[in-house]
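Spelled out, the chains give:
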Amino acid sequence: QTRQLRELLEQQRREGAHLELQILKAQIGSSDKTEEVKEVKHEVEAKAREIMKAVKLLSDQHRSAFQQVATLTSDILRACSSRTPVASASGNDPL
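Bear in mind that the values here come from a model prediction, so they are computed numbers and not experimental data. Along each chain, the written sequence defines residue order, and numbers are assigned to residues from 1. Where local features are concerned, this predicted model is filtered to residues with pLDDT of at least 70; where side-chain atom pairs are given and counted, the filter is 80 or more; whole-chain, interface and lining totals use all residues. Each side-chain value is derived from all of the structure's non-hydrogen atoms; neither hydrogens nor water enter the calculation.

(A) Summary view of the pattern of salt bridges. What counts as a salt bridge is simple: a side-chain nitrogen of Lys or Arg found within 4 Å of a carboxyl oxygen of Asp or Glu. Taken as a whole and assessed by the stated rule, the structure comprises six salt bridges. A salt bridge links Glu10 to Arg14, with the shortest nitrogen-to-oxygen separation between them at 3.9 Å. Taken together, the residues span about one helical turn, with Glu10 and Arg14 both in helix α1 (residues 2–82) at a distance of four residues. Burial status follows relative accessibility: with a 1.4 Å probe on protein chains alone, a residue under 20% of its type maximum counts as buried, one over 50% as exposed, and anything between as partly exposed. Relative accessible area serves as the criterion here: at 35%, Glu10 is assigned to the partly exposed category. Given the relative accessible area of 52%, Arg14 is considered exposed. A salt bridge links Arg63 to Asp60; the nearest nitrogen and oxygen atoms lie 3.0 Å apart. Of the two residues, Arg63 and Asp60 both sit in helix α1, three residues apart, roughly one turn of that helix. Take Arg63: its relative accessible area is 53%, and that puts it in the exposed class. Helix and strand definitions follow DSSP, with helices as H or I runs of at least four residues and strands as E runs of at least two, each counted in order from the N terminus.

Structure, rendered in structure tokens:
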């Protein structure tokens, strides 16, 4: 009976050591995953900032281009409305 108890005790110690090893591996793996998650999060935040900068730049360029088109359209309309047709003696269009 003592021998059985010793064997059982030894088996429990081995299982305990095995479980402790698994816990350590899980903790190490967990910290690796935590670091990986932090790294991915950092990369995502950096990419998001780059995208926001690009969107702002694109928006500014569109606004500038629209303003140039509006100014050009206004200038053309003003020029066309202030122009009086010139009648030629031959009746031909000067253009």
